[in-house]
Amino acid sequence: MVQIGIDVAEALHYAHGSGVTHRDLKPANLLLDVTGRVWVADFGLAQVDDGAALTMEGEVLGTWRYMSPEQLMGGRVIVDSLTDIYSLGVTLSELLCLQPARDGKDRHEVRTQVAFGD
């Protein structure tokens, strides 16, 4: 499990160094091959640091349980590579504890937990 966390962190470091923020890191986007190597997948919501806007301001895209507080703000604050680090922490917590880090019944409840919870 520790090696998976290290490998994902290194993959994110590479992506961030290339100016790419994943913005939807979660367990379902981590693929484990038969050799035990982990692959970060689904860059469909990725943000590239070239100044091009991929989403409209105010839009909240991603998987709510794994989003950082700034990502949940929907464009009211800058979302950068730190959002992926937050999502990695939530993902690793869930993988280690085998239970959701945020267990809200709906988006509103999850958003409240992220914004005001521990």
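How each quantity is defined
- Residues numbered from 1 in each chain as written.
- Predicted model: local features only at pLDDT ≥ 70, side-chain atom pairs only at ≥ 80, totals over all residues.
- Heavy atoms only, no water.
- Helix = DSSP H or I, 4+ residues; strand = E, 2+ residues; numbered from the N terminus.
- Buried < 20%, exposed > 50% of the residue type's maximum accessible area, 1.4 Å probe, protein only.
- Contact = heavy atoms within 4.5 Å.
- pLDDT = per-residue confidence, 0-100.
- Axes fitted to C-alpha atoms, helices over the stretch in contact; angles between N-to-C directions.
- Parallel < 35°, antiparallel > 145°, perpendicular 65-115°, else oblique.
- Left-handed = near helix turned anticlockwise from the far one by under 90°.
- Nonpolar A, V, L, I, M, F, W, Y, C, P; charged D, E, K, R; others polar.
- Salt bridge = Lys/Arg side-chain N within 4 Å of Asp/Glu carboxyl O.
- Expected span 1.5 Å × (residues − 1).
- Arc of directions from axis to C-beta.
- Core = buried A, V, L, I, M, F, W, Y, C linked by side-chain atoms within 4.5 Å.

**Section: the environment of Leu25**
Then, number 1: If you trace the backbone, Leu25 turns up in the loop between β1 (20-21) and β2 (30-32).
Then, number 2: The exposure class of Leu25 is buried, given its relative accessible area of 1%.
Then, number 3: The sequence separation of Leu25 and Ile85 amounts to 60 residues, and the corresponding C-alpha distance is 8.9 Å.
Then, number 4: In this structure Leu25 touches Val8, Leu12, Leu30, Val40, Tyr66, Asp84, Ser87, Leu88 and Thr91, once residues within four positions along its chain are discounted.

**Considerations on the confidence of the model for the protein chain**
Then, number 1: In the predicted model, the protein chain carries a mean pLDDT of 85, and 87% of its residues have values of at least 70.
Then, number 2: At the level of individual helices and strands, the protein chain shows its lowest average pLDDT in helix α4 (residues 107-116), which scores 80, and its highest in strand β3 (residues 38-40), which scores 97.

**Regarding the packing of helix α1 (residues 2-17) against helix α3 (residues 82-97)**
Then, number 1: One way to put it is that α1 packs onto α3 with a least axis distance of 11 Å and a crossing angle of 165 degrees. Judged by the inter-axis angle, α1 sits roughly antiparallel to α3. Every pair of crossing elements has a handedness; the one defined by α1 and α3 is right-handed. Here Gly5, Val8, Ala9, Leu12 and His16 of α1 come into contact with α3, specifically with Asp84, Ile85, Leu88 and Leu92.
Then, number 2: Class assignment of the residues belonging to the contact of α1 with α3 gives a composition of six nonpolar, two polar and one charged.

**Examining the pattern of salt bridges**
Then, number 1: The full count for this structure, using the stated rule, is three salt bridges.
Then, number 2: One salt bridge in this structure joins Lys26 and Asp24, with 3.7 Å as the shortest N-O distance. Neither Lys26 nor Asp24 differs from the other in exposure class; each is buried.
Then, number 3: Lys105 is the salt-bridge partner of Glu109, the closest N and O atoms lying 3.8 Å from each other.

**Some remarks on α3**
Then, number 1: Here α3 is 16 residues long and its end C-alpha atoms lie 23 Å apart, about the 22 Å a rise of 1.5 Å per residue gives.
Then, number 2: Restricting attention to buried positions, one finds in α3 the residues Thr83, Asp84, Ser87, Leu88, Val90, Thr91 and Glu94. Angularly, the buried residues of α3 cover 170 degrees about the axis, an arc narrow enough to put them on a single face. Seen from the open side of α3, the exposed residues pointing more than 90 degrees away from its buried face are Leu82 and Leu96.
Then, number 3: Residues of α3 that are buried make contact with α1, β1, β2 and α2 (69-72).

**So, the side chain of Ser68**
Then, number 1: In this fold, Ser68 is placed in the loop between β4 (47-48) and α2.
Then, number 2: Note on Ser68: relative accessible area 0%, which makes it buried.

**A closer look at the nonpolar core**
Then, number 1: With eight residues, the main nonpolar core is built from Ile4, Val8, Leu12, Leu25, Leu30, Val38, Val40 and Leu88.
Then, number 2: At the level of elements, α1 and β3 are the ones that each hand at least two residues to this core.
Then, number 3: Ranked by residue count, the leading element in this core is α1, at three residues.
Then, number 4: Filtering out sequence-adjacent residues up to four positions away, Val40 remains in contact with Val8, Ala11, His22, Leu25, Asn29 and Leu30.
Then, number 5: Judged by nonpolar contacts, the second largest core, of five residues, contains Trp64, Leu72, Val110 and Val114.

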